[in-house]
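Structural overview
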Amino acid sequence: MSCSPVPDESLGFLLTDATRAIRRRFEQRAAELGLSSAQWRVLVHLLRRGPLSQARLAEFLEIEPISVSRLVDRMQEAGWVEREPDPNDRRVKRVVAKRKAYAAFENAKQIADDLYEQALAGLPPGALETLTDALRRIILNLSDSPEAQDDR
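The name given to the chain in an unreviewed UniProt entry is MarR family transcriptional regulator, and the organism recorded there is Paenirhodobacter hankyongi.

Structure, rendered in structure tokens:
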């Protein structure tokens, strides 16, 4: 009879612990920029996709809309974003990255790149590609996208 791994050595715990360690270290290093990891994720989505409604941001971040509202409130107070009317639907406010966000993006990206370099130090050649492929497969296997359904 095979034994299952001790809970803190299971895949779920390891993924969670790795994510938590990366987030904690990012927040320590990005504190000088005034960004939390949640705020960084908002900025990444806005800078990649352009202005987004709070509802759409909530979908991308996989958090409740009220949580996005509070997050955007704090970011607006700090000058990272602003809300503007949606040109196609006056009931909707879009969240838009401000110049400050664009200016800080390269610094925050460098912090993240340095952090990943540190996190991946000592992995054998090819391990990053294997890890990335495996994580993409896990995400695809568990997603609700039609592509995932076809690929199973």
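Having put the structure on the table, let's press on.
**Details of the pattern of salt bridges**
Taken as a whole and judged by the stated rule, the model has seven salt bridges. A salt bridge links Lys 109 to Asp 113; the nearest nitrogen and oxygen atoms lie 3.1 Å apart. Of this pair, Lys 109 and Asp 113 both sit in helix 5 (residues 99-120), separated by four residues, roughly a single helical turn. Judged by its relative accessible area of 34%, Asp 113 falls in the partly exposed class.

**Some remarks on the packing of helix 1 (residues 11-30) against helix 5**
Look at helix 1 against helix 5: their axes get within 10 Å of each other, and the N-to-C directions meet at 135 degrees. By the angle between their directions, the pair helix 1 and helix 5 is classed as oblique. Helix-helix and strand crossings are classified by hand; for helix 1 and helix 5 the assignment is right-handed. Taking contact as the criterion, the partners of Ile 22, Arg 25, Phe 26, Arg 29 and Ala 30 in helix 1 are, on helix 5, Ala 108, Ile 111, Ala 112, Asp 114, Leu 115, Tyr 116 and Gln 118. Each residue belonging to the contact of helix 1 with helix 5 can be placed in one class, and the counts come to eight nonpolar, one polar and three charged.

**Quick look at the sheet that holds strand 3 (residues 89-97)**
With antiparallel pairing, three strands are arranged side by side in an open sheet as 1-3-2. What marks the edges here is a single partner per strand, and that holds for strand 1 (52-53) and strand 2 (81-86). Note that strand 1 and strand 3 share two bridges and pair antiparallel. Opposite Ser 53, over in strand 3, you have Arg 94 as the bridge partner. Of the strands in this sheet, strand 2 and strand 3 are in contact with helix 4 (residues 65-77), which crosses strand 2 at around 115 degrees.

**Observations regarding helix 3 (residues 54-61)**
Burial in helix 3 covers these residues: Gln 54, Leu 57, Ala 58 and Leu 61. All buried residues of helix 3 fall inside an arc of 105 degrees around its axis, so they share one side. For helix 3, the secondary structure elements touched by its buried residues are helix 2 (37-49), strand 1, helix 4, strand 2 and strand 3. Glu 62 lies just past helix 3 and shows a positive phi near 60 degrees.

**Quick notes on the environment of Val 95**
With respect to the helices, strands and loops of the structure, Val 95 is situated in strand 3. C-alpha of Val 95 to C-alpha of Leu 46: the two residues are 49 residues apart in sequence and 7.7 Å apart in space. Other than its neighbours up to four places away in sequence, Val 95 contacts Leu 46, Pro 51, Leu 52, Gln 54, Leu 57, Val 72, Val 81 and Glu 82.

The rules behind the values
- Residues numbered from 1 in each chain as written.
- Predicted model: local features only at pLDDT ≥ 70, side-chain atom pairs only at ≥ 80, totals over all residues.
- Heavy atoms only, no water.
- Salt bridge = Lys/Arg side-chain N within 4 Å of Asp/Glu carboxyl O.
- Helix = DSSP H or I, 4+ residues; strand = E, 2+ residues; numbered from the N terminus.
- Buried < 20%, exposed > 50% of the residue type's maximum accessible area, 1.4 Å probe, protein only.
- Axes fitted to C-alpha atoms, helices over the stretch in contact; angles between N-to-C directions.
- Parallel < 35°, antiparallel > 145°, perpendicular 65-115°, else oblique.
- Left-handed = near helix turned anticlockwise from the far one by under 90°.
- Contact = heavy atoms within 4.5 Å.
- Nonpolar A, V, L, I, M, F, W, Y, C, P; charged D, E, K, R; others polar.
- Pairing = 2+ DSSP bridges.
- Arc of directions from axis to C-beta.

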